[in-house]
Amino acid sequence: MTFVVTDNCIKCKYTDCVEVCPVDCFYEGPNFLVIHPDECIDCALCEPECPAVAIFSEDEVPDDMQEFIQLNVELAEIWPNITEKKDALPDAEKHDRVLNKDVQSKIMYIER
Ligand code: SF4
Ligand code: F3S
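Residues numbered from 1 in each chain as written. Chains lettered and ligands numbered in written order. Predicted model: local features only at pLDDT ≥ 70, side-chain atom pairs only at ≥ 80, totals over all residues. Heavy atoms only, no water.

**Concerning the site of ligand 1**
Link 1 in the chain: Lining the immediate surroundings of ligand 1 are Phe 3, Cys 21, Pro 22, Val 23, Cys 25, Phe 26, Ile 35, Cys 40, Ile 41, Cys 43, Ala 44 and Cys 46.
Link 2 in the chain: For the shell around ligand 1, the class distribution of residues is twelve nonpolar, no polar and no charged. (Near = heavy atom within 4 Å. Nonpolar A, V, L, I, M, F, W, Y, C, P; charged D, E, K, R; others polar.)

**Concerning the nonpolar core**
Link 1 in the chain: Counting residues in each nonpolar core, the largest one holds 34 residues, and the members touching the most others are Phe 26, Phe 32, Ile 35 and Ile 55.
Link 2 in the chain: Broken down by secondary-structure element, the contributors of at least two residues to this core are β1 (3-5), α1 (16-20), β2 (26-28), β3 (33-35), β4 (55-57) and α2 (67-75).
Link 3 in the chain: When residues of this core are assigned to their parent elements, the largest contribution, four residues, is made by α2. (Core = buried A, V, L, I, M, F, W, Y, C linked by side-chain atoms within 4.5 Å. Buried < 20%, exposed > 50% of the residue type's maximum accessible area, 1.4 Å probe, protein only. Helix = DSSP H or I, 4+ residues; strand = E, 2+ residues; numbered from the N terminus.)

**Description of unusual backbone geometry**
Link 1 in the chain: Positioned with a positive phi, Lys 13 is a non-glycine residue whose angle comes to about 50°.
Link 2 in the chain: We classify Lys 13 as buried; its relative accessible area is 6%.

**Here's the deal with the site of ligand 2**
Link 1 in the chain: Neighbouring ligand 2 are Cys 9, Lys 13, Tyr 14, Thr 15, Asp 16, Cys 17, Leu 33, Cys 50, Pro 51 and Ile 55.
Link 2 in the chain: Partitioned by chemical class, the residues of the shell around ligand 2 number seven nonpolar, one polar and two charged.

**Considerations on the pattern of salt bridges**
Link 1 in the chain: Using the criterion set out here, one finds three salt bridges in the structure.
Link 2 in the chain: Among the salt bridges present, the one from Lys 13 reaches Glu 28, with a minimum N-O distance of 3.0 Å. Here Lys 13 is found in the loop between β1 and α1, whereas its partner Glu 28 is found in strand β2, with 15 residues between them in sequence. For the residue pair Lys 13 and Glu 28, the accessibility class agrees, reading buried in each case.
Link 3 in the chain: Measuring nitrogen to oxygen at the nearest pair gives 3.4 Å for the salt bridge that ties Lys 85 to Asp 16. Of this pair, Lys 85 sits in the loop between α2 and α3 (92-95) while Asp 16 sits in helix α1, and the two are 69 residues apart along the sequence.
Link 4 in the chain: We classify Lys 85 as partly exposed; its relative accessible area is 39%.
Link 5 in the chain: Here the residues in one salt-bridge network are Lys 13, Glu 28 and Lys 86, joined through shared partners. (Salt bridge = Lys/Arg side-chain N within 4 Å of Asp/Glu carboxyl O.)

**Some remarks on the packing of aromatic side chains**
Link 1 in the chain: The final tally for this structure, using the stated rule, is two aromatic pairs.
Link 2 in the chain: An angle of 80° between the planes, with centres 6.1 Å apart, marks the rings of Phe 32 and Phe 68 as edge-to-face. Of this pair, Phe 32 sits in the loop between β2 and β3 while Phe 68 sits in helix α2; the two residues are 36 residues apart in sequence, bridging distant segments of the chain.
Link 3 in the chain: According to the relative accessible area criterion, Phe 32 is buried, its value standing at 0%.
Link 4 in the chain: Of the residues examined, Phe 68 reaches a relative accessible area of 0% and is grouped as buried. (Phe/Tyr/Trp six-rings, centres within 6.5 Å; stacked < 30°, edge-to-face > 60°.)

This is the structure:
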């Protein structure tokens, strides 16, 4: 079992999650983070730390965000590791809880 970063991290990227992960299994893209499913030890520490409620256990990912399970698998292989908290993205509060940002995330992914 792994935890999964979902839609609401996009354009927010608060990074509070990174600070508590004991195995440093977060990876950073231009507009959101993902969790490497093979490295996550299922400790659940990160889930309550996310101000945007973007992290779910794999078996609790909402139906309309199921595609993020595979996105975390794919992007964790190509994005760099992040181990320290940094400033959230500009306008993070404006984008917090604004869902269905996944199309933009894919555009960013392709551009890389
Ligand atoms: Fe890291 Fe634990 Fe969150 Fe997995 S559940 S990403 S190991 S903090
Ligand atoms: Fe994203 Fe939440 Fe972490 S917004 S960077 S999953 S604290």
